[in-house]
Amino acid sequence: MSQPKTIYLKEYEAPAYHILSTELTFEIFEEHTLVINRMAIKRRGDVPVPLLLDGDDLELLCVKVDDVKIPTDAYERNEETLTLFDPGAEATVQVVTKIYPDKNTALEGLYRSGGIYCTQCEPHGFRRITYFIDRPDNMSVFTVKVIAEQSVCPVLLSNGNLEEEGSFPDGRHYALWKDPFPKPSYLFALVAGDLGRISDNFTTAEGNEVALHIYVDKGNEPRADHAMRSLKASMRWDEETYGRSYDLSVYNIVAVDSFNMGAMENKGLNIFNSHYVLADEETATDADFLGIESVIAHEYFHNWTGNRITCRDWFQLTLKEGLTVFRDQSFSADMQSEVVQRIRDVDMLRERQFPEDAGPTAHPIKPEQYIEINNFYTATVYEKGSEVIRMLHTILGEKAWRAAMDLYFETFDGQAVRTEDFLWAMQQHSPIDLAQFALWYSQERTPSLCAEHSYDPASGRLTLKLEQIVPDAVDGRKQQPYCMPLRLALLGHAGEELPLQLEGDTGAQPLLERGILLITRDEESFTFGGLASEPALSLNRHFGAPVVMEYPQEDVMNLMRFDSDGFVRYEAAQSFARSTLEAMMRGEAVSPQFLESFKHILEDESLDLQFKAQLLSLPTVTMLMQTQQTVDVHAILEASDALRREIAVACEATMRHLYALLHRPAHMGLEAESIGARALKNRLLGYLMAQQDAESIDSAMAQYEESHTMTDRLAALQLLHHGAPEAAEAPMRDFYERYSGDMLVMTKYFSVIASSPQPDTLSRVRAAMEDEVFNIKVPNLVRSLIGSFARNPYHFHAYDGSGYAFVAEQIIALDAINPMIAAGLSGAFKTYNRLNAHSRAQMRDALEKVQAHRGISKNVYEIVGKILA
Ligand code: PHE
Ligand code: ZN
C-alpha cells in the first residue's frame, strides 16, 4: 500500500462537474456483472477542465462520450480515478465496467449475501460498481435497469418506483426503476434474488397510498411482522411529531445476513442486517425487539434527515446521523418509557462513546480530517452527535425546536448542506446566541462538571459553585469552555421541587423558568434564596448535558429514594454503587448504607419493573475503568464479583420471593409490563447465581427448560455457562441442537461462549471458530464471537497476553477479507495508554505485529497508528 493520504475538511472544493442524471443497466450473470453507466454531465465553470471520476477495484471495458468511443489518450486511469481530459461543457459519458459480486468479501459495492445480490454504497461503495463523482454533493436522478436470470433472481429491486418489467425468451427478465428525487450515489441500492416478502400499506396524512414491503429469505416471512409494525409506527410518528410524510408510493426493506453495519437508508430501498428485521419470541430477546423498532425508525427518519436534506461532504456526517439518532431515541421514548429509554441511551453513550472520547481515536462530532472515512461511523458522530442535538432541543424548548426544524426542512430540502446550515436554522428560533455552543462540533473529549454547594441556614440561601473542566485535545491543543444547559431542581424533604429563586443579575439565564441554568464559563457560582431548610440538589436532570458530572455524595441516598427525575435516581444509585466498589478496591468492607439503599429499591412495589431492574444494576467494568488513572481490570472484576455476592447474601430471601412472583408464564408478550418482569427477574437471578449455590443453579436450570421466550432462555443459559459450567453442559448442547440451523440465534450462542469468565474461554472460542456454523465472512458471526471476546475483560486482558495476541491475529486475518470489520475490532485496543506497564508492553507487541503486516488496509492502519502514536 502506498502511504495513505489524509483528507482535510479545509481543502473542500465543489466538484468541477455535476452528473445531472444517471442511467444504469446491470446485467447480472453467474460469475460477474456488467454495469453500463450513462451519465449526463454538466461542467460548472466556463473553462475546459478534466472530469475526474472515482473508481475502486473496477475492470473498465469501454468509455464513450456522446455515444462515440474515445481514444485511449483522451483519458487516464489509476488505482482511484478515471480522468477524462476534456469531455466538454455538457455531454453524455458512458462507462462500462465488469465486477465480481461473489468475490466481494468487503461487503461494499455490489456483493452477494447468501444467494442474494445486494449493494452497500455509503460512503464509498458506489465507486466499486462504476466510475462516478462519488461524493454526496453530486446529486443525480437515477434510472436503473436490472437484468438477471428469472429463476435465480425473481425479485429485482432498486430505488424509487417500478416503471416497467418484462422477460426475454432466454429465461432472463428485467425491471426498470426510476427514482424521481435527485440523490447522491451513496443512497443508490440494488437487490436481486429469490426472496419472500410480507406487505402492508400506509396512507399518509396527505392521503397518499404507500405500499410497504419487507423482503426476507423464504420461510422467514412470519418473523418480519414486528419490523412492519415498527415501520408503520415510525411513519405515523414522523407525521405527528415533525409534520413529515413519506414521498414515494413504495417503501421496500430487504433483510440480508451479511452486512457491515445495522442498516442503510437507501432511498425507497433500505437494506438491513437481518438482525434488525427478523424476530419472534422463540428466537429473539426483548432487546432484539427494541433494537428492531429503533433501527427501522432510524432508517425511516433518514428519509428527511439524510436523504431529502443530505451532507455536503463526509465531514458533515453528524448532520444526518446525530440528528437521526436523536429522532429515533425520541421515538423509542414515546413508544416505550421515557426514563427507561433515557437510561438506556445514556448507558450506551458512557459505555461506548466516553471511552472513545478519552482514548487515542477521540475526534469531534464533526472531524476535520480522516484517512479512512469508514472509521468515522463512530459512537462520537452518532451518539454524542445526538446529545448535541438534544441540548439544542433543550435550549430551544419543544415549540421553538419544531419551528426551527420546519425552517431547516423548508430552507434546505433537496440540498447537500453543512452543520453550519443546520445551526443557522436553530439560531433563528433560539433564545440564546449559539456561537459558543457551536464548539460542541469542533472540540473533542468529554468535559467534566464539578459541583460544590453550601447552605446558609441563617439566610436560607444555597450557593452552587460549578467548575467546568475541559480537557486538551488529543494532540495537546487547549480547548475552550462549552455552553451547555444544566437542568436542576432543589428538592424538599419529601422530594418536592422547590421554586428556583436565583439571586443577582438573572438576565443571562433565559431558561431558568424551565429549570435550566445556562453554563458558559469554566467557573460559575449561583445563589438561590428563599429556602426554609437545606434542600437536596438534583443536577443534570435527564442527563441534559453529556458531561462527567462530579457531584456531592451526601445527597445520594435521598436522591436514590425520591428524586422526581428518574434519571437522577438512577444516576445516584450508580454513583453510590461506584463509590462502594471503589472503597472495596481500597480494601474496605461493603457499606451497610449501600446495602440498605439497595434493599429499599428492591422492596419498593411502586416502581415500574424495567426501571427497577435498571436501578438495581451495578456499573459495568467499562464504566469503572473510566475513573481509574491506571486501569486495573482485575481489581474491578474482583470487587464487582464480591459486591454481587454480598448483595445476594443480604437480599436472598426477598430476591427469591420476588423471582418466584415474576417467573410466571403469564408474563409473555411485548408489553412494557412483561418486558419489565423479565428484565427484573433475570437481574435477580444474576445476583442469586453469584452465590453459585445449588438452589440458584436449580432455578436457572428450570428457567432454561421452562422458558417460553428467548429472553429467559438466553439469560439462564448465560448465567449457567458463566457461573456453573458443569451444570451448563446439557443446556448448552440443547441450545446448539435446537438452533444450529439459525444463524441469528447462533450469534447469541457464540457470545455466551466468548464473554465467559471461565478459564477455558479462549480455547472454546478457537474451537467455535472451527464449528461448521461459524463463517468468518459474516460480520454478525465475527462480532458475536471474536468481538465479544475482545470485550471480555477477564480474557482480553489475560495476564499472559494471550487475549491481545489472539485478537491481533484475528485482525490480520479479517483485514484481508473485510477491512471495515478488522478496523472495528482494532478499536478494542483503545485502552492502551491507560494500562499498567506489563499489559501495555504486551498490547504493543500485538499491535506492532498488526502494523508490520504487509498490505494492511488504510482502515486498520489509521486506527492502530493512532493507538501506538
Ligand atoms: N447510514 C447508516 C445508518 O446510520 C449506517 C451505515 C454506514 C451503514 C455505512 C452502512 C455503511 O443508518
Ligand atoms: Zn443513520
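Under an unreviewed UniProt entry, the name given to the protein chain is Aminopeptidase N, and the organism recorded is Sulfurimonas diazotrophicus. Under the Catalytic activity (unreviewed entry) heading, UniProt states for the protein chain: "Release of an N-terminal amino acid, Xaa-|-Yaa- from a peptide, amide or arylamide. Xaa is preferably Ala, but may be most amino acids including Pro (slow action). When a terminal hydrophobic residue is followed by a prolyl residue, the two may be released as an intact Xaa-Pro dipeptide." Heading Sequence similarities (unreviewed entry) of the UniProt record for the protein chain holds this comment: "Belongs to the peptidase M1 family."

Peer 1: Quick one: what's the story with the overall build of the protein chain, residue by residue and with numbers?
Peer 2: Along its length, the protein chain carries 25 helices and 32 strands. For the protein chain, the spread of C-alpha atoms along the principal axes amounts to about 90 × 70 × 60 Å. Counting only residues that meet the buried cut, the protein chain has 49% of its 869 residues in that class. If you take every contact in the protein chain between residues at least 6 apart in sequence, the share linking residues at least 24 apart comes to 69%.

Peer 1: Give a description of the site of ligand 1 that names residues and reports values.
Peer 2: Close to ligand 1 lie Q120, E122, N260, M261, A263, M264, E265, H298, E299, E321 and Y377, which account for all nearby residues. At the level of elements, β20 (263-264) and α2 (286-301) are the ones that each hand at least two residues to the shell around ligand 1. Split by residue class, the shell around ligand 1 holds four nonpolar, three polar and four charged.

Peer 1: Tell me about the packing of helix α18 (residues 743-754) against helix α19 (residues 761-770), and name the residues and values.
Peer 2: It is at 9 Å that the axes of α18 and α19 come closest, and there the two elements cross at 155 degrees. Put simply, α18 runs roughly antiparallel to α19. The segment α18 lies against α19, with F750, I753 and A754 engaging T761, R764, V765 and A768. Within the contact of α18 with α19, the residues separate by chemical class into five nonpolar, one polar and one charged.

Peer 1: Run through the sheet that holds strand β17 (residues 196-203), naming residues and quoting values.
Peer 2: One open sheet accounts for five strands, arranged β17-β18-β19-β21-β20; its pairing is mixed. Two strands in the sheet have a free side with no partner beyond their single neighbour: β17 and β20. Relative to strand β21 (residues 269-273), strand β19 (residues 250-256) is paired through five bridges, and the arrangement is parallel. The residue of β21 that forms the bridge with V256 is N273. Where helix α1 (residues 225-242) meets the sheet, it contacts β17, β18 (209-216) and β19, and its direction lies at approximately 25 degrees from that of β17.

Peer 1: Tell me what's going on with the UniProt feature "domain: Aminopeptidase N-like N-terminal" (unreviewed entry) in the protein chain, and back it up with residues and numbers.
Peer 2: Under the UniProt annotation, the feature "domain: Aminopeptidase N-like N-terminal" (unreviewed entry) is placed at residues 63-187. What you have in residues 63-187 is 0% helix and 52% strand, and the ends, taken at the C-alpha atoms, are 24 Å apart.

Peer 1: Kindly report on the sheet that holds strand β13 (residues 155-158), identifying the contributing residues and their values.
Peer 2: Strand pairing in a sheet is mediated by backbone hydrogen bonds. Such pairs are either parallel or antiparallel. Spatial ordering of the open sheet is given by β10-β11-β16-β13, a layout of four strands whose pairing is antiparallel. Every interior strand has two partners, whereas the edge strands, β10 (109-113) and β13, have only one. Averaged over all adjacent pairs, the angle separating strand axes in this sheet is 15 degrees, with direction ignored. Alignment of β10 against strand β11 (residues 116-120), held across five bridges, turns out to be antiparallel. For L110, the partnering residue across the bridge sits in β11 and is T119.

Definitions and cut-offs
Residues numbered from 1 in each chain as written. Chains lettered and ligands numbered in written order. Predicted model: local features only at pLDDT ≥ 70, side-chain atom pairs only at ≥ 80, totals over all residues. UniProt positions renumbered as here; feature names shortened; annotations may be inferred. Helix = DSSP H or I, 4+ residues; strand = E, 2+ residues; numbered from the N terminus. Buried ≥ 20, exposed ≤ 12 C-beta atoms within 10 Å, placed from the backbone. Contact = placed C-beta atoms within 7 Å. Near = placed C-beta within 6 Å. Nonpolar A, V, L, I, M, F, W, Y, C, P; charged D, E, K, R; others polar. Axes fitted to C-alpha atoms, helices over the stretch in contact; angles between N-to-C directions. Parallel < 35°, antiparallel > 145°, perpendicular 65-115°, else oblique. Pairing = 2+ DSSP bridges.

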